[in-house]
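Each chain is listed here by its residues.
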Amino acid sequence: MEGLVSSTCCRNGSSVRCFLPTSGSFPSRMRGYLQVPTATSYWRHPRLLCRDFKRYSSVRQISIVEDEEEEEENEEEGSSDWEAEFLGEIDPFGYLPPKRRNRQKSSLLDDEDGSVAMEWCVRARRSALKAIESRGLTATMEDLLSVEKKRRKKKKKKEDMAKNVSDKKSKLEMDNNLAMEDFMYDTDGNNDPRGHLRRTVSALGGGMFEEQKEKTREAFIEKLTQFSGPSDRRKEINLNRSIIDAQTAEDVLEVAAEMMSAVAKGLTPSPLTPLNVATAVHRIAKNMEKVSMAKSRRLAFARQKEMSMLVGLAMAALPECSAQGISNIAWALSKIGGELLYLSEMDRIAEIAITKTDEFNAQNVANTAGAFASMRHSASELFIELSTRASVIVHTFNEQELTQLLWAFSSLHEPADRLLDSLDVAFRDVMNLKCDTDASSTAVEGPSDGFQRNDDQPAAQNFTRDQLGNIAWSYAVLGQMHRLFFSRVWKTLSQFEEQKISEQYREDIMFASQVLQANQCLKLEYPHLELSLKSDIEERIARAGKTKRFNDKTTSSFQREVMRLLTRTGLPWVKEYTIDGYTMDAVVPDRKVALEIDGPTHFSRNTVTPLGHTMLKRRYITAAGWKLASVCHQDWEELQGEFEQLDYLRKILKDHIDESYVTNNSL
């Protein structure tokens, strides 16, 4: 009878294998194992069955550890269940309470056709049951039949507990991942060092976040920005070593991202100190510079979620960073994002750096100023403080740092009177200024090596040719060519009369263009100084400036659009007109009116003020007797349609050209 008993009986009384119900009344290790005499001998030899049950009971006691709490729980129901299960009256796999279990009877018991061939099995079971009860083995039998159920129930309980733990862990990881995705970066100058993180994250998704998500994000930010309190020096040192040992920008970011994730999940104390955060950002930029990573790849790298998190963390750590850390972060962002990214971040760096300029050494001053200049990011208040600080420690600047600092001030067209005054004093003795004729590298933007330099070194005195040319151009942009230090630089530069200026290298072309512009300013604006170059040197420099590569110019769609409308103003415009080496976009030669079409590269990206090279060109063209008008790209973009654009052009030109001339020359 399937599901209740399966056996082969021999009427000769031989021993057979008796299988108890296949549905699972006995534990699996006992099914098909019990050897008994023929079924008709059960009531004759009950001692045999009891002996076997005792033996398997001892085996069970060795291999199974009972759960005491579950045993107490099932004590009431156990006494009656096992008998019903043994007789096959209830489902052995049912897990409902005894009163609610479905009673099921064997088809043999309900057989009304007189199928008595298998009734011996039922009688044998009942006889065996009476024998078990008479010998006091009821508890042992009950344990045997219920142990599998207990084991399964215990296993199910453990699985449920494990599932609950897994669900909680998954929820926590999901919350952390959501918080990590939302942890971006932004600054707007508020006093809260983490406010920019909250504001940027809140701006995502239209500013609508669920309350739980808000709490999770706040907890995530709180964990990452706990820069004070207990610390683990060993963890901090190990993390710093891992960051420095990483060979690529990707490796550095991976190390930092793993640590941020660990801290967000509860690692305390956090080894993400301001020093380690600044080091990570700096090393990423330095590894990019080491392999000359393309600009497009740098921008893609900067937009990664992990990189955004790291920059956001650096912004939160700024108030706790040293002067060196602030300088390194500023320099790193200029190399990673260039002039296209990190607008609000640079504003925040300027805000924090102003409070710590007294701690800056020469390298910090030069690198911070250079970072802002290379990103075309104006910060007038910061540059005032940097000029003051540089004037105090001017004797500690080396050649590269001094060149970089002057270039930064001139590029952003920031006033540097205090710095220039201090240079006149420091380099009053002409013997303090020499020229290295073998060196050729400009290193205008001077990347930091990330380590403090000894401030007690001699003053800068051994400049390269290109550094001298860059300093001369800086003084020309600032309109400070009457200064003593400039005269020392220019006279030293004049010693290169025999220096060949090659047309094959960019360094020579840049040098030629800078020296040519400085020399033109000397001749036009400072003729009384009598410092202009000799005619043969000037001729060679001008020849280098006329090379095709130097004069390559790209016409933007903005320029083409303006030039198209200029023809409708009724004036005889001449395009691409050259005035003393400066190429003007359009001029009316007989009226000496010049028009400049200035795109974004002519202005600072945050204040839209003209940059140094634009101011130098405007000043020179005006000094040469021309009337100059300029079209700013920002003003042009705000105009609606050609009618407004044409009216705008006429308004900016009316102060330079009278209406009668326009009428007489209109087409």
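No experiment lies behind these values; they were computed from the predicted model shown. Numbers given to residues run from 1 along each chain, matching the order in which its sequence is written. Only residues with pLDDT of at least 70 are given local features in this predicted model, and only at 80 or more are side-chain atom pairs given and counted; all residues enter the totals for whole chains, interfaces and linings. Each side-chain value is worked out from all heavy atoms of the structure, with water and hydrogens disregarded.

Novice: A description of the overall build of the chain should follow, citing residues and the corresponding values.
Specialist: Scanning the chain from terminus to terminus reveals 28 helices and 9 strands. Across the 667 residues that make up the chain, the buried fraction comes to 49%. Within the chain, contacts between residues at least 6 apart in sequence are counted, and of these 74% link residues at least 24 apart. When the accessible surface of the chain is totalled, it reaches about 34,000 Å², and 49% of it is carbon and sulfur. To qualify as a helix, a DSSP run of H or I must reach at least 4 residues; to qualify as a strand, a run of E must reach at least 2; elements of each kind are numbered from the N terminus. The rule is simple: take the accessible area with a 1.4 Å probe, protein chains only, and divide by the maximum for that residue type; under 20% is buried, over 50% is exposed, in between is partly exposed. By definition, residues are in contact when any of their heavy atoms lie within 4.5 Å. Note that accessible areas follow from Shrake-Rupley with a 1.4 Å probe, and for residues the cover is restricted to the protein chains shown.

Novice: Tell me about unusual backbone geometry, and name the residues and values.
Specialist: Residue proline 269 is reached from threonine 268 by a cis peptide bond, and omega for that bond is -10 degrees. Mapping proline 269 onto the fold places it in the loop between α9 (249-264) and α10 (274-290). Look at tyrosine 342: it is not a glycine, yet its phi comes out positive at around 60 degrees. For tyrosine 342, the location among the structural elements is in the loop between α13 (323-336) and α14 (343-354).

Novice: Break down the pairing of strand β9 (residues 627-632) for me, citing the residues and quoting the values.
Specialist: Both strand β8 (residues 593-598) and β9 contribute to a ladder of 6 bridges, which runs parallel. Pairing of aspartate 598 across the sheet is with cysteine 632, part of β9. For the handedness criterion, the strands are oriented away from the viewer, and a crossover whose path from the first strand over the helix to the second runs clockwise is classed as right-handed. In this view, the connection linking β8 to its parallel neighbour β9 by way of helix α25 (residues 612-623) has right-handed handedness. When DSSP locates at least two bridges between a pair of strands, those strands are taken to pair.

Novice: Can you lay out the nonpolar core for me, pointing to particular residues and giving the numbers?
Specialist: Among soluble globular proteins, nonpolar side chains are generally buried collectively. We define the nonpolar core as a collection of buried residues of types Ala, Val, Leu, Ile, Met, Phe, Trp, Tyr and Cys that are connected through side-chain atoms lying within 4.5 Å of one another. Ile284, Leu310, Ile349, Leu423, Phe485 and Trp490 are the most contacted members of the largest nonpolar core, which has 114 residues in total. Contact partners of leucine 310, with chain neighbours within four places excluded, come to Leu253, Ala256, Met260, Val277, Ala280, Val281 and Ile284. Ranked by size, the runner-up nonpolar core spans 21 residues in total, among them Leu566, Ile597, Trp636 and Tyr648.

Novice: So what's going on with the pattern of salt bridges? Residues and values would help.
Specialist: Salt bridges are identified by distance alone: a Lys or Arg side-chain nitrogen within 4 Å of an Asp or Glu carboxyl oxygen. In total, this model carries 13 salt bridges according to the counting rule given. The residue glutamate 642 makes a salt bridge to arginine 568 at a minimum N-O spacing of 2.8 Å. Of this pair, glutamate 642 sits in helix α27 (residues 641-653) while arginine 568 sits in the loop between α24 (557-566) and β6 (574-579), and the two are 74 residues apart along the sequence. Exposure remark for glutamate 642: the relative accessible area of 37% places this residue in the partly exposed category. When its relative accessible area of 45% is taken as the criterion, arginine 568 is described as partly exposed. Residues joined in a network through salt bridges with shared partners are Asp421, Asp424 and Arg483.

Novice: Break down the pairing of β6 for me, citing the residues and quoting the values.
Specialist: As paired strands, β6 and strand β7 (residues 582-588) are joined by 5 bridges and run antiparallel to one another. Among the inter-strand pairings, valine 574 is bridged to a residue of β7, identified as valine 587. Count of turn residues in the β6/β7 antiparallel hairpin: 2 residues, of which aspartate 580 carries a positive phi of about 50 degrees.

Novice: Lay out the sheet that holds β9 with the relevant residues and their values.
Specialist: Reading across from one edge, β6-β7-β8-β9 is the order of the 4 strands in this open sheet, with mixed pairing throughout. The open sheet has two free edges, formed respectively by β6 and β9, since each of these has just one partner strand. Here the average twist between neighbouring strands, direction ignored, is 45 degrees. Axis lines are fitted through C-alpha atoms, for helices just across the contact stretch, and the angle between N-to-C directions can take any value from 0 to 180 degrees. Relative to the sheet, α24 contacts β6, β7, β8 and β9, its axis offset from that of β8 by approximately 145 degrees. Packed on one face of the sheet, α27 meets β8 and β9 and runs near 150 degrees to β9.

Novice: Requested: an account of the packing of aromatic side chains, with residues and values cited.
Specialist: Only the six-membered ring of Trp is used, alongside the rings of Phe and Tyr, when aromatic pairs are assigned; centres must lie within 6.5 Å, and planes under 30 degrees apart are stacked while those over 60 apart are edge-to-face, with the rest tilted. The full count for this structure, using the stated rule, is 10 aromatic pairs. Judged by centre distance (5.0 Å) and plane angle (80 degrees), the ring pair of phenylalanine 383 and phenylalanine 409 falls under edge-to-face. One end of the pair, phenylalanine 383, is in helix α16 (residues 380-392); the other, phenylalanine 409, is in helix α17 (residues 399-411), and 26 residues separate them in sequence. One exposure class covers both phenylalanine 383 and phenylalanine 409, and it is buried.

Novice: Any details on the packing of α17 against helix α19 (residues 465-478)? Residues and values, ideally.
Specialist: In the contact formed by α17 and α19, the axes pass within 9 Å of each other and the chain directions differ by 30 degrees. When the axis of α17 is compared with that of α19, the two are roughly parallel. For the pair α17 and α19, the crossing hand works out as left-handed. Every residue of α19 that contacts α17 at Glu399, Gln400, Thr403, Leu406, Trp407, Phe409, Ser410 and Ser411 is listed here: Gln467, Asn470, Ile471, Trp473, Ser474, Tyr475, Val477 and Leu478. Residue composition of the contact of α17 with α19, by class: 8 nonpolar, 7 polar and 1 charged. Angle categories are assigned with fixed cut-offs, so that under 35 degrees is roughly parallel, over 145 is roughly antiparallel, 65 to 115 is roughly perpendicular, and the rest are oblique. Each crossing gets its hand from how the near helix is turned against the far one by less than a right angle, where anticlockwise is left-handed and clockwise is right-handed. Nonpolar residues are Ala, Val, Leu, Ile, Met, Phe, Trp, Tyr, Cys and Pro. Charged residues are Asp, Glu, Lys and Arg, and all others, Gly as well, are polar.

Novice: How would you sum up α16? Please name residues and give values.
Specialist: In an α-helix, one turn spans 3.6 residues; hence positions three or four apart end up facing the same way. The terminal C-alpha atoms of α16, which comprises 13 residues, lie 19 Å apart, in line with the 18 Å expected from a rise of 1.5 Å per residue. Residues Leu382, Phe383, Leu386, Ser387, Arg389 and Ala390 constitute the buried set of α16. Buried-residue contacts for α16 involve α14, α15 (362-374), α17 and α18 (417-426). Working rule for helices: expected span equals 1.5 Å times residues minus one.

Novice: Tell me about the packing of α15 against α16, residues and numbers included.
Specialist: Helix-helix packing is described using two parameters, namely the angle between the two axes and the distance between the axes. For the pair α15 and α16, the least separation of the axes is 10 Å and the interaxial angle reads 150 degrees. Taken together, α15 and α16 sit at an angle that is classed as roughly antiparallel. Crossing handedness for the pair α15 and α16: left-handed. Seen from α15, the contacting residues are Val365, Thr368, Ala369 and Phe372; seen from α16, they are Leu382, Phe383, Leu386, Arg389 and Ala390. Residues of the contact of α15 with α16, tallied by class, amount to 7 nonpolar, 1 polar and 1 charged.

Novice: Please provide a residue-by-residue account of the environment of alanine 249, values included.
Specialist: Tracing the backbone shows alanine 249 in helix α9. Once you skip the residues sitting within four places of it in the chain, alanine 249 turns out to touch Ile284, Asn287, Met288 and Phe301.

Novice: Give me α24: which residues, what numbers.
Specialist: Among the residues of α24, Phe558, Gln559, Val562, Met563, Leu565 and Leu566 are the ones counted as buried. Taken around the axis of α24, the buried residues stretch over an arc of 165 degrees, which confines them to a single face. Buried residues in α24 make contact with β6, β7, β8, β9, α26 (633-637) and α27. The directions considered for the arc run from the helix axis to the C-beta atoms.

Novice: Now, about the environment of threonine 569: what can you tell me, with residues and values included?
Specialist: Here threonine 569 shows up in the loop between α24 and β6. The exposure class of threonine 569 is buried, given its relative accessible area of 7%. Taking the C-alpha atoms as reference, threonine 569 lies 9.5 Å from leucine 653; in sequence the two are 84 residues apart. At 2.6 Å, the side chain of threonine 569 and the backbone oxygen of leucine 566 are in polar contact. Within 3.5 Å is the distance limit for a polar contact, defined as a pair of N or O atoms, with the added protein rule that one can donate a hydrogen and the other accept it, and that residues adjacent in sequence qualify only through two side-chain atoms. A distance of 3.1 Å separates the side chain of threonine 569 from the side chain of tryptophan 573, its partner in a polar contact.

In short, shape yes, function no, at least from these values alone.
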